[in-house]
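Close look at the chain arrangement
Chain by chain, the residues:
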Amino acid sequence: MPILLDYPSHSLFECLKLAQGVERCDGSCTKETCADYMKLAISGTFHSWVSSTVKFGFITNKQNTLSITES
């Protein structure tokens, strides 16, 4: 059974970089498009990074689509 953390496992600075990557993709894109744009591989680390960025409230992750939050 996986361990669930209530806090982000990546730093605020790292999560801001991912949110900026999504923003540069017109504010909404698939995980694959974001990873390609940022020259990253889709891996467990990338998914963890996405999860941390969602926990900070910078992006949403709905049905494999990353979007910048409005507030």
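For the structure itself, consult the block above.
Right, let's walk through the structure included here. Remember, it's a predicted structure, so these values are computed and weren't measured experimentally.

Some words on the sheet that holds strand β2 (residues 59–62)
The pairing of strands in a sheet comes from backbone hydrogen bonds and takes either a parallel or an antiparallel form. Pairing is antiparallel across the open sheet formed by three strands, whose spatial order is β1-β3-β2. Two strands close off the open sheet at either side, each with one partner strand: β1 (28–30) and β2. For this sheet the average axis-to-axis angle between neighbouring strands, irrespective of direction, equals 20°. Where β2 lies against strand β3 (residues 65–68), four bridges are found, and the strand directions are antiparallel. Of the residues in β3, the one forming a bridge with Ile-59 is Ile-68. Each of β1, β2 and β3 touches helix α1 (residues 12–24); the most contacted strand, β3, lies at about 95° to it. Running over the sheet, helix α3 (residues 44–56) touches β2 and β3 and is turned about 120° from β2.

Concerning the nonpolar core
Ranked by size, the top nonpolar core spans 13 residues in total, and within it Leu-18, Val-22, Cys-34, Phe-46, Val-50, Ile-59 and Leu-66 carry the most contacts. At the level of elements, α1, α2 (31–37) and α3 are the ones that each hand at least two residues to this core. The leading source of residues in this core is α1, at four residues.

Some words on the packing of aromatic side chains
Enumeration according to the criterion identifies two aromatic pairs in this entry. Measuring from centroid to centroid gives 6.5 Å for Phe-46 and Trp-49, while their planes differ by 85°, and the two rings are edge-to-face. Here Phe-46 pairs with Trp-49, and both are found in helix α3, just three residues apart, close to one helical turn. A residue is classified by how much of its surface remains accessible, and Phe-46, at 2% relative accessible area, is buried.

Describing a nonpolar patch on the surface
A grouping of Leu-12, Leu-16 and Phe-56 is seen on the molecular surface, where their side chains present a nonpolar patch of about 240 Å² in accessible area. Within the fold, Leu-12 resides in helix α1. A relative accessible area of 44% means that Leu-12 is categorised as partly exposed.

Re the side chain of His-10
Looking at the secondary structure, you find His-10 in the segment before α1. One polar contact links His-10 to Ser-9, side chain to side chain, over a distance of 3.3 Å. One polar contact links His-10 to Ser-52, side chain to side chain, over a distance of 3.2 Å.

Cut-off values and rules
Residues numbered from 1 in each chain as written. Predicted model: local features only at pLDDT ≥ 70, side-chain atom pairs only at ≥ 80, totals over all residues. Heavy atoms only, no water. Pairing = 2+ DSSP bridges. Helix = DSSP H or I, 4+ residues; strand = E, 2+ residues; numbered from the N terminus. Axes fitted to C-alpha atoms, helices over the stretch in contact; angles between N-to-C directions. Contact = heavy atoms within 4.5 Å. Core = buried A, V, L, I, M, F, W, Y, C linked by side-chain atoms within 4.5 Å. Buried < 20%, exposed > 50% of the residue type's maximum accessible area, 1.4 Å probe, protein only. Phe/Tyr/Trp six-rings, centres within 6.5 Å; stacked < 30°, edge-to-face > 60°. Patch = residues over 30% accessible without salt bridge, like charges linked within 9 Å, V, L, I, M, F, W, Y side chains within 5 Å. Areas by Shrake-Rupley, 256 points an atom, 1.4 Å probe, with all protein chains shown as cover. Salt bridge = Lys/Arg side-chain N within 4 Å of Asp/Glu carboxyl O. Polar contact = N/O pair within 3.5 Å; in protein donor to acceptor, adjacent residues only side chain to side chain.

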